[in-house]
Amino acid sequence: MTFVPVDFEVQSPAAELDAAGFDRAAPAVFVWLGVVYYLTPESVRGTLEHIAEQAAPVEVIFDYLQPGDTGEERAQLRERAERVAAAGEPWFSYFTPEGIAGELRSLGLAEVEDLSAAELVAGYLDDPAEFRGEPPSALRASRILRAGRFISLVPASVIKGMLAAIGILLIMQQIPVALGTAEETGLAEVVQGNAAFS
């Protein structure tokens, strides 16, 4: 595994991966978590196009935010977005499950598995009572998706466990910001554990 830093808004993922020696003909799994909602829809599309051009088998795993269905959900999401933007990490893209699945299929990534964060957490925690019925408001907009061609590179149980663990970490990192209890700090500081929460 090689870490390749990319500014998706100004750099080409293809050029950066090529410069790092990435083999476009080899099977690949792209894990793209905690990134999509910070990018413009155009940058998301460009990166997905690059991933779709990879030789099969190829798989991408990413999380995204869906717009609210009701006025209450839209208001809660807008409030969360304002808090995150005030912390220096504005959100730029939202997708509906149907819309992003259609986008992926149009690129040839026909096998799509898409779960809400609440479904993922509930499955990982063996269906706890607090996740039955209406999901917690902080989780309603969050979704995690797996798509590709011939996505049997890694067994589904391994992917679900990995996604659940990463999803839980990402959600836990967002909760203080969503609740307005985080200091004004960047996402990098939160991920590195250097953020102060009150």
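Attention here is on the structure that accompanies the text. (Residues numbered from 1 in each chain as written. Predicted model: local features only at pLDDT ≥ 70, side-chain atom pairs only at ≥ 80, totals over all residues. Heavy atoms only, no water.)

## Notes on the environment of T2
Summarising the element assignment, T2 is placed in the segment before α1 (13-19). Judged by relative accessible area, T2 falls into the exposed class, the value being 58%. As a C-alpha pair, T2 and G21 span 19 residues in sequence and 9.5 Å in three-dimensional space. (Helix = DSSP H or I, 4+ residues; strand = E, 2+ residues; numbered from the N terminus. Buried < 20%, exposed > 50% of the residue type's maximum accessible area, 1.4 Å probe, protein only.)

## Structural notes on helix α2 (residues 41-52)
With 12 residues, α2 extends 16 Å from end C-alpha to end C-alpha; this agrees with the ideal 16 Å at 1.5 Å per step. Where α2 is concerned, the buried positions are S43, V44, T47, L48, H50, I51 and A52. Buried residues along α2 sit against α1, β1 (28-32), β2 (58-65), α4 (97-106) and β4 (142-149). (Expected span 1.5 Å × (residues − 1). Contact = heavy atoms within 4.5 Å.)

## Looking at helix α3 (residues 71-86)
The end-to-end C-alpha distance of α3, which contains 16 residues, comes to 22 Å, matching closely the 22 Å that a straight helix rising 1.5 Å per residue would cover. Taken as a whole, α3 has its buried residues at E73, L77, R80, A81 and V84. Summarising the axial view, the buried residues of α3 lie within an arc of 100 degrees, below the 170-degree limit, and thus occupy one face. Every exposed residue of α3 that faces more than 90 degrees away from the buried side is listed here: E72 and E82. The first or second residue beyond α3 is G88, which carries a positive phi of 90 degrees. (Arc of directions from axis to C-beta.)

## A closer look at the pattern of salt bridges
Applying the stated rule across the entire model yields seven salt bridges. Ionic pairing is found between E53 and R24, a salt bridge with its closest N-O pair at 3.9 Å. One end of the pair, E53, is in the loop between α2 and β2; the other, R24, is in the loop between α1 and β1, with 29 residues separating them in the sequence. The exposure class of E53 is exposed, given its relative accessible area of 60%. In this structure, E113 engages R146 in a salt bridge whose closest nitrogen and oxygen atoms are separated by 3.4 Å. Highlighted residues: E113 in strand β3 (residues 111-116) and R146 in strand β4, separated in sequence by 33 residues. For E113, a relative accessible area of 24% gives the class partly exposed. When its relative accessible area of 4% is taken as the criterion, R146 is described as buried. Bridged by salt links that share partners, the residues R45, E49 and E103 form one connected network. (Salt bridge = Lys/Arg side-chain N within 4 Å of Asp/Glu carboxyl O.)

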